[in-house]
Amino acid sequence: MRFFVLGDVSVDLLFFVERIPEPGEEIPSRRALMKPGGAGGTLAAQLASLGHRVFLAGRVGQDPFADLALSRVREVGVDLRHLQEDPDHTTSSVLILVVPGGERAMVSAEGASRYLDPALFKPRYLDQADALVLSAYALVGGPSRSYAVEALEAARKREMPIFADLGTGAVRAAGRELLKHLRGVSWLLMNQTELLALTGASSLSEGVARLREEGFQHLAIKVGAMGSIVVTPEGEELLEPYPVEDIVDSTGAGDAYTAAFAHAILSGKRPVEAARLANLAGALAATGLGAQGRLIRLEDLEVAAG
Ligand SMILES: OC[C@H]1O[C@H](O)[C@H](O)[C@@H]1O
């Protein structure tokens, strides 16, 4: 299959700490790493690792960070013909504090990812793809939003499957505004925090009901240690998490989930089966350091399918 992936590309600065520091406090880090990241880059790397042809539309600065940010997508053969270089803004970077058990807190500097130039988008780019996978960070604002809106429009015109992954920062920054742009997407994927923040609901079931009322009938909701919930017009099902013991860093686990889910749906799997495979992909991704430290391969998913 061929995927057109649109989203942020970044360098992640990971600090492994015992806990999140209080204001004014300085705490030591057990380990610090610089790794390629960003939801767009990670979705693209995971889909390519699963054996797909992937075109990545993203934007980086003309700086040394760009090489690191793109190192993994290059390794796995992602097609970068739609990648843009920004002479005025630095490559996006994200400070990530990871606590024991893999949970994390992030501070992001958007940089070039916000400035994807819509004048460089051509609807015919979508002719080369079977599906659009979009990180909603692109819809938060700036020129990237216009680029993303045009890509969504082109994909809708072609009646191509669209997978849109929300992202906590995107929900916090743009809230319900995101939904305006995402009407009619095939699948909306998010985590529990994003669902509650987006809908103002106080429980998962209330959040799902609100999205359903607004016409979003196909949802995949990542509920971390609980697994995920898949919602279709026929009903809702909670899929147990895949048990893995050596979780070290949950950065990018949600992107691995989304990539595996899109892969499975396009391969003809039923939504429940796709969510089961995606649970496995998300769990395995959390056993690697950094968003792209553990890329998922088809053989990994066969373990769950078998
Ligand atoms: O989706 C994972 C990504 O979110 C943040 O934007 C980090 O860059 C991280 O790599």
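Calculation criteria
Residues numbered from 1 in each chain as written. Predicted model: local features only at pLDDT ≥ 70, side-chain atom pairs only at ≥ 80, totals over all residues. Heavy atoms only, no water. UniProt positions renumbered as here; feature names shortened; annotations may be inferred. Pairing = 2+ DSSP bridges. Helix = DSSP H or I, 4+ residues; strand = E, 2+ residues; numbered from the N terminus. Axes fitted to C-alpha atoms, helices over the stretch in contact; angles between N-to-C directions. Near = heavy atom within 4 Å. Polar contact = N/O pair within 3.5 Å; in protein donor to acceptor, adjacent residues only side chain to side chain. Areas by Shrake-Rupley, 256 points an atom, 1.4 Å probe, with all protein chains shown as cover. Nonpolar A, V, L, I, M, F, W, Y, C, P; charged D, E, K, R; others polar. Contact = heavy atoms within 4.5 Å. Salt bridge = Lys/Arg side-chain N within 4 Å of Asp/Glu carboxyl O. Buried < 20%, exposed > 50% of the residue type's maximum accessible area, 1.4 Å probe, protein only. Core = buried A, V, L, I, M, F, W, Y, C linked by side-chain atoms within 4.5 Å.

- An unreviewed UniProt entry lists the chain under the name Putative sugar kinase YdjH, from Thermus aquaticus.
- What UniProt records for the chain under Sequence similarities (unreviewed entry) is the sentence "Belongs to the carbohydrate kinase PfkB family."

## What about the sheet that holds strand β2 (residues 10-16)?
- Reading across from one edge, β3-β2-β7-β8 is the order of the four strands in this open sheet, with mixed pairing throughout. The outermost strands of the open sheet, each flanked by one partner alone, are β3 (31-37) and β8 (104-109). Strand after strand, the sheet turns through a mean of 20° between neighbouring axes, direction not considered.
- Relative to strand β7 (residues 92-98), β2 runs parallel, the two sharing seven bridges.

## Quick look at the site of the ligand
- By nearness alone, every residue bordering the ligand is listed as Asp8, Ser10, Asp12, Gly37, Gly38, Ala39, Val94, Met106, Thr251, Gly252, Asp255 and Ala291.
- At a separation of 2.5 Å, an oxygen atom of the ligand approaches a polar side-chain atom of Asp12.
- For the ligand, the accessible surface in isolation is 280 Å², of which the surrounding protein chains cover 91%.
- A class-by-class count of the residues in the shell around the ligand yields four nonpolar, five polar and three charged.

## A word on the UniProt feature "domain: Carbohydrate kinase PfkB" (unreviewed entry) in the chain
- Per the UniProt annotation, the sites labelled "domain: Carbohydrate kinase PfkB" (unreviewed entry) are residues 4-292.
- Overall, residues 4-292 shows 34% helix and 24% strand. The separation of its end C-alpha atoms is 18 Å.

## Side note on the environment of Val5
- Of note, Val5 is situated in strand β1 (residues 2-6).
- Sequence-distant contacts of Val5, defined by excluding residues within four places in its chain, comprise Gly40, Leu43, Ala44, Leu47, Val54, Phe55, Leu56, Ala57 and Val133.

## A word on unusual backbone geometry
- We note that Glu159 has phi near 50°; this positive angle belongs to a residue other than glycine.
- Note on placement: Glu159 falls in the loop between α3 (142-157) and β10 (162-165).

## Quick look at the pairing of β8
- Sheet analysis places β7 next to β8, joined by six bridges and oriented antiparallel. Bridge pairing links Val94 to Ser108 in β8.
- In sequence, β7 turns back onto β8 through a hairpin of five residues, with Gly101 there showing a positive phi of about 100°.

## A closer look at the pattern of salt bridges
- Across all of its chains, the model carries 19 salt bridges by this definition.
- The shortest N-O distance in the salt bridge between Glu75 and Arg72 comes to 2.7 Å. Note that Glu75 and Arg72 are positioned in helix α2 (residues 64-75) at a spacing of three residues, about one turn of the helix.
- Judged by relative accessible area, Glu75 falls into the exposed class, the value being 58%.
- Residue classification places Arg72 among the partly exposed residues on the basis of a relative accessible area of 22%.
- Note that Asp127 is salt-bridged to Arg158, the shortest N-O span being 2.5 Å. Here Asp127, found in the loop between β8 and β9 (131-135), pairs with Arg158, found in the loop between α3 and β10; they are 31 residues apart in sequence, far enough to count as distant.
- The class of Asp127 is partly exposed, set by a relative accessible area of 47%.

## Looking at the nonpolar core
- In this structure, Val5, Phe163 and Phe261 are the most contacted members of the largest nonpolar core, which totals 49 residues.
- At the level of secondary structure, the elements contributing two or more residues to this core comprise β1, α1 (39-49), β4 (53-57), α2, β9, β11 (187-191), α8 (253-266) and α9 (271-285).
- Setting aside its immediate chain neighbours within four residues, Phe163 contacts Ala131, Leu132, Val133, Leu134, Trp187, Leu189, Phe261, Ala262, Ile265 and Leu266.
- Grouped together as the second largest cluster of nonpolar side chains are 45 residues, Phe121, Leu152, Leu166 and Ile229 included.

## As for the side chain of Thr251
- Position of Thr251 among the secondary structure elements: in the loop between β14 (235-239) and α8.
- In contact with Thr251, other than residues within four places in its own chain, are Asp12, Leu14, Ile96, Arg104, Gly290 and Ala291.

## As for the sheet that holds strand β13 (residues 228-232)
- Strand order across the open sheet formed by eight strands is β4-β1-β9-β10-β11-β12-β13-β14, with mixed pairing between neighbours. Among the strands making up the open sheet, the edge pair consists of β4 and β14. Strand-to-strand, the axes of this sheet are offset by a mean angle of 15°, without reference to chain direction.
- The sheet contact formed by β9 and β10 spans four bridges and is parallel. Looking at β10, one finds that Val133 is bridged to Phe163.
- In the packing of helix α6 (residues 192-199) onto the sheet, contacts are made with β11 and β12 (219-222), and the angle to β11 comes to roughly 105°.

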